[in-house]
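Chains, contacts and geometry: an overview
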There are 2 protein chains.
Amino acid sequence: MARVDSALYHQKGGGLFRILGEMTAKTQEKYPGRPIVKLGVGDVTLPLAPAILEALHAAVDEQGVKASFHGYTGNVKKLVDGIVEKDYAQRGVTISPKEIYVTDGSSAEIYNITDIFASDSEVLVPDPAYPAYVDVNSMLGRKIHYVPCLEENGFIPQPPDYKVDIVYLCSPNNPTGATMTKDDLAKWVAYAKANGAVIVMDSAYESFVMDESLPKTIYEVEGARECAVEIRSFSKTAGFTGMRCSYIVIPTDVMIDADDGKKVSLRSMYVKKRGVRSCNPSYVVQMGAAGYYTEAGHAQCMENTRYYLNNGKVVRKVLQEAGVPCIGGDNSPYIWMKCPGGMGSWEFLEILLDRYGVVMTPGAGFGPSGEGFMRISCFGDADETKRGIEYVAALCKEIEGK
Amino acid sequence: MARVDSALYHQKGGGLFRILGEMTAKTQEKYPGRPIVKLGVGDVTLPLAPAILEALHAAVDEQGVKASFHGYTGNVKKLVDGIVEKDYAQRGVTISPKEIYVTDGSSAEIYNITDIFASDSEVLVPDPAYPAYVDVNSMLGRKIHYVPCLEENGFIPQPPDYKVDIVYLCSPNNPTGATMTKDDLAKWVAYAKANGAVIVMDSAYESFVMDESLPKTIYEVEGARECAVEIRSFSKTAGFTGMRCSYIVIPTDVMIDADDGKKVSLRSMYVKKRGVRSCNPSYVVQMGAAGYYTEAGHAQCMENTRYYLNNGKVVRKVLQEAGVPCIGGDNSPYIWMKCPGGMGSWEFLEILLDRYGVVMTPGAGFGPSGEGFMRISCFGDADETKRGIEYVAALCKEIEGK
């Protein structure tokens, strides 16, 4: 008799954005005429850059001619060359093309890398964090350790005094917007090397780092090649949430233990598993992503990034003027604000939605330490974002009795 | 200390097409001037149909305008409507849009569905079969039962007299080209229902079925809705090997056991797992696939299918005239031929490659019962296919001493 996997069956959670969607729909039903202001889901709203559109059209044309048609496609060389040169070599980091695997999204890759490890691996997750880190591991029945990211240390996770096997990090952070310095990352590299742990570095928001003193990749830290994989995405960098393209870097130096006492390269196990899945994204999509690495493509995408960062500036300014504590938004597309009057995240959202039709993501959905906070996405339309955050500020002032 | 999963670490096999690639490269080095004739890997060679190109260009254009831009995308309605109507309703089968999940390729989906089941599930795989069925399950450390598909029953798998939890079927078959009748499928549906097993029906080659008396989907068999999921792909149907689009049908009626004695719908567990992976393919790719369901798109794709089937006719004719036993190629894009003189698959390939530079896939790579056979792909260029198969026939005659 076919049976469901027990860990998957009993897994709770997931569905943060589903619940958010359901609440939004209910509000729309209650106030049919009133528009919803979306500051919730981190989904881009600006169209693709002209250079990327051009690359996509050209790739579609190639697929229409027998001589240039591409069937099964691995990594597209043009894309990988761009990654190696622009994302790494220009930061003084040497990554070989064979250490890069192009994939169809960060979320899928967070999942794909996870079950290469022994099922009883212990996992460390910053709290709050992107829910997928917990979801994919709890589906495998693994023990999860939360490292609280607190106000007093700027929401930056600090290495603990116990051992784990896998560490998830995300900088610039989702949901807090906090960005780790090279020293912050160095502490984790030291921890990983001392404990034989592997760091899964989620760098989905790297392109929002404007402060030149901040690292753009964990490989700027010495020793990271021996203990870290890095996942990057074109979702926010190039507006690809609907296009699906990301990549993972697995340095050949990352070695893990096998049950026969041998050391085995993580990359070789990844390749073995990937070999049965053929999950390279579409040739056309990869060629579109390669458009990001052209001079025009990069400049156009950076213009979009600045548009979103400008939303962040506006949000911070309005909140700060209203006396609402918040961080993020300068080197990241998310702002993390404290709910007024010691209110809980979901409670505040309910009032905000009902009163003004504004959606933000409850911090509690990202982990226990997120309770009492809200995540504001800066990926919306500028006018809508300004209107929404002004409602938020007004409500905060009202609740605080200011 | 991070450790690799033991089942993955010890898993053997995989790499059939990698080995084939390496052998081909060696031959090319040995005979640098001589062209290689590719009858090995099942990869399409004709360009995309004009209606699909048009749909792709239009979708790219949509992504360039803020008002029509698509970020995170689930199932594209136009595509799912096409599937429901053209692939099912027109065959008299009712499938609801909510039972369909669009994905980025059959291989990925064979993997994704697999680990929803308990890790100690027992699995039945026809022998020979597409290697992924064995690979994904052996990576999970599962017991695999092989059902030999023999010449005497036309290479059609027959239900065994023992129980398993998961059954893989593929019709038209890869590698043998054998196509199951409705009665053949009905035997398996009866077996699955009697034993509480779930059938994973791989219908990647459904569009090659020309014989109107043959089923196009397992849901033409009564009761299949309660025990079967069906995976279909645009890879061969619409030339999408490089575009990546497929779908899986999971009827709401398929129930499996949970460890607390309850029954749970397979679909709900699939949705839960999928929720953390967001693996819908690109909006642009889905819109391209929707182009297949237009009248023009379908006609153009069928023209390509007939081109490949005509390769099959030529291959069969040449082999039959040379007295080489073979099946498939009439309702399928693969032909399964017996090696001459009782020769083993790899041995025959070595001679064929060295003498004529022709690549075919050794039957032994698809399972123990494949030994002594070769799989011929009909997805190549017509002239090249004819030239290649004439070499094969000549070699067979020589070995047989005819």
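The structure contained in this document is the topic of the report that follows. (Residues numbered from 1 in each chain as written. Chains lettered and ligands numbered in written order. Predicted model: local features only at pLDDT ≥ 70, side-chain atom pairs only at ≥ 80, totals over all residues. Heavy atoms only, no water.)

1. Looking at the pattern of salt bridges
All names here are of chain A.
- Considering all chains together, one arrives at 42 salt bridges over all chains under this definition.
- Across the salt bridge formed by Arg232 and Asp87, the nearest N and O atoms sit 3.6 Å from each other. One end of the pair, Arg232, is in strand E7 (residues 228–233); the other, Asp87, is in helix H4 (residues 77–88), and 145 residues separate them in sequence.
- Among the residues examined, Arg232 registers a relative accessible area of 3% and is labelled buried.
- A salt bridge links Lys386 to Glu390; its shortest N-O distance comes to 2.9 Å. Of this pair, Lys386 and Glu390 both sit in helix H13 (residues 382–400), 4 residues apart, which is roughly one turn of the helix.
- Here Glu390 falls in the partly exposed class, since its relative accessible area comes to 36%. (Salt bridge = Lys/Arg side-chain N within 4 Å of Asp/Glu carboxyl O. Helix = DSSP H or I, 4+ residues; strand = E, 2+ residues; numbered from the N terminus. Buried < 20%, exposed > 50% of the residue type's maximum accessible area, 1.4 Å probe, protein only.)

2. Observations concerning the packing of helix H2 (residues 16–30) of chain B against helix H12 (residues 345–356) of chain B
Residue and element names in this part refer to chain B.
- The interhelical angle for the contact between H2 and H12, taken along N-to-C directions, is 30°, at an axis separation of 10 Å. When the axes of H2 and H12 are compared, the pair comes out roughly parallel. Both H2 and H12 take part in a crossing whose hand is right-handed. Where H2 abuts H12, its residues Leu16, Ile19, Leu20, Met23, Thr24, Thr27 and Lys30 lie against Trp346, Leu349, Glu350, Leu353 and Asp354.
- Of the residues belonging to the contact of H2 with H12, the class tally is 7 nonpolar, 2 polar and 3 charged. (Axes fitted to C-alpha atoms, helices over the stretch in contact; angles between N-to-C directions. Parallel < 35°, antiparallel > 145°, perpendicular 65-115°, else oblique. Left-handed = near helix turned anticlockwise from the far one by under 90°. Contact = heavy atoms within 4.5 Å. Nonpolar A, V, L, I, M, F, W, Y, C, P; charged D, E, K, R; others polar.)

3. Examining unusual backbone geometry
- Cis geometry is adopted by the peptide bond preceding Pro172 of chain A, which originates at Ser171 of chain A and carries an omega value of -10°.
- Structurally, the position occupied by Pro172 of chain A is in the loop between strand E5 (166–170) and helix H7 (182–195).
- For the bond from Asp127 of chain B to Pro128 of chain B, the omega torsion is 5°, close enough to zero to count as cis.
- Structurally, Pro128 of chain B is set in the loop between strand E3 (122–127) and helix H6 (132–138).
- Even without a glycine there, the phi angle at Arg244 of chain A is positive, about 70°.
- Among the secondary structure elements, Arg244 of chain A is positioned in the loop between helix H8 (234–237) and strand E8 (246–249).

4. Focus on the packing of aromatic side chains
- Considering all chains together, one arrives at 38 aromatic pairs over all chains under this definition.
- Their ring planes at 75° and their centres at 5.2 Å tell us that Tyr205 of chain B and Tyr334 of chain B sit as a pair that is edge-to-face. Pair noted here: Tyr205 of chain B is in the loop between strand E6 (198–202) and strand E7 (228–233) and Tyr334 of chain B is in strand E12 (residues 334–338), with a separation of 129 residues, a long-range link. In this pair, the class of Tyr205 of chain B matches that of Tyr334 of chain B, namely buried.
- Members of the aromatic cluster, each reached through a chain of ring pairs, are Tyr205, Phe208, Tyr307, Tyr308, Tyr334 and Phe379 of chain A.
- In this structure, Arg34 of chain A is placed above the aromatic ring of Tyr31 of chain A, and the distance from its NZ or CZ to the ring centre is 4.2 Å. (Phe/Tyr/Trp six-rings, centres within 6.5 Å; stacked < 30°, edge-to-face > 60°. Lys NZ or Arg CZ within 6 Å of the ring centre and 35° of its normal.)

5. Overview of the interface of chain A and chain B
- Between chain A and chain B, the residue contacts involve 81 residues of the former and 81 residues of the latter.
- Taken together, the two surfaces of chain A and chain B that pack against each other cover about 7000 Å², and 56% of this comes from carbon and sulfur.
- Area buried by chain A at its contact with chain B is led by Met1, Arg3 and Tyr72 of chain A, which between them contribute 11% of it.
- The interface formed by chain A and chain B includes 6 salt bridges.
- Across the salt bridge formed by Arg3 of chain A and Asp120 of chain B, the nearest N and O atoms sit 3.0 Å from each other.
- Counting across the chain A and chain B interface gives 48 residue pairs in polar contact (both at pLDDT 80 or more).
- Broken down by secondary-structure element, the contributors of at least two residues to the side of chain A that touches chain B are helix H1 (6–10), helix H3 (50–62), helix H5 (106–114), helix H6 (131–138), strand E9 (255–257), strand E10 (263–265), helix H9 (266–275) and helix H10 (283–290) of chain A.
- It is H3 of chain A that contributes the most residues to the side of chain A that touches chain B, 5 residues altogether.
- Grouping the amino acids of the side of chain A that touches chain B by side-chain chemistry returns 37 nonpolar, 23 polar and 21 charged. (Buried area = accessible area lost by both parts, 1.4 Å probe. Polar contact = N/O pair within 3.5 Å; in protein donor to acceptor, adjacent residues only side chain to side chain.)

6. A word on the relation of the copies chain A and chain B
- Its rotation angle being 180°, the transformation that places chain A on chain B also includes 0.0 Å of axial translation and leaves an RMSD of 0.0 Å. Interpreted geometrically, this transformation is the action of a two-fold axis. Considering only C-alpha atoms, the part of chain A nearest the rotation axis is His57 of chain A, at 3.1 Å. (Least-squares fit on C-alpha atoms with pLDDT ≥ 70 in both.)

7. Digging into the sheet that holds strand E2 (residues 100–103) of chain B
Residues and elements named next belong to chain B.
- Strand order across the open sheet formed by 7 strands is E2-E8-E7-E6-E5-E3-E4, with mixed pairing between neighbours. Unpaired on one side and paired on the other, E2 and strand E4 (143–148) mark the two borders of the sheet. The average undirected angle you get between the axes of adjacent strands in this sheet is 20°.
- With 4 bridges connecting them, E6 and E7 associate as parallel partners. Within E7, the position partnered with Asp202 by the bridge is Ile231.
- Most of the contacts of helix H4 (residues 77–88) go to E2, to which it runs at about 115°, and overall it touches E2, E7 and strand E8 (246–249).
- Contacts between helix H9 (residues 266–275) and the sheet are confined to E2, E6, E7 and E8, with E2 contributing the most and set at about 35° to the helix. (Pairing = 2+ DSSP bridges.)

Distances and angles like these do not, on their own, reveal function.
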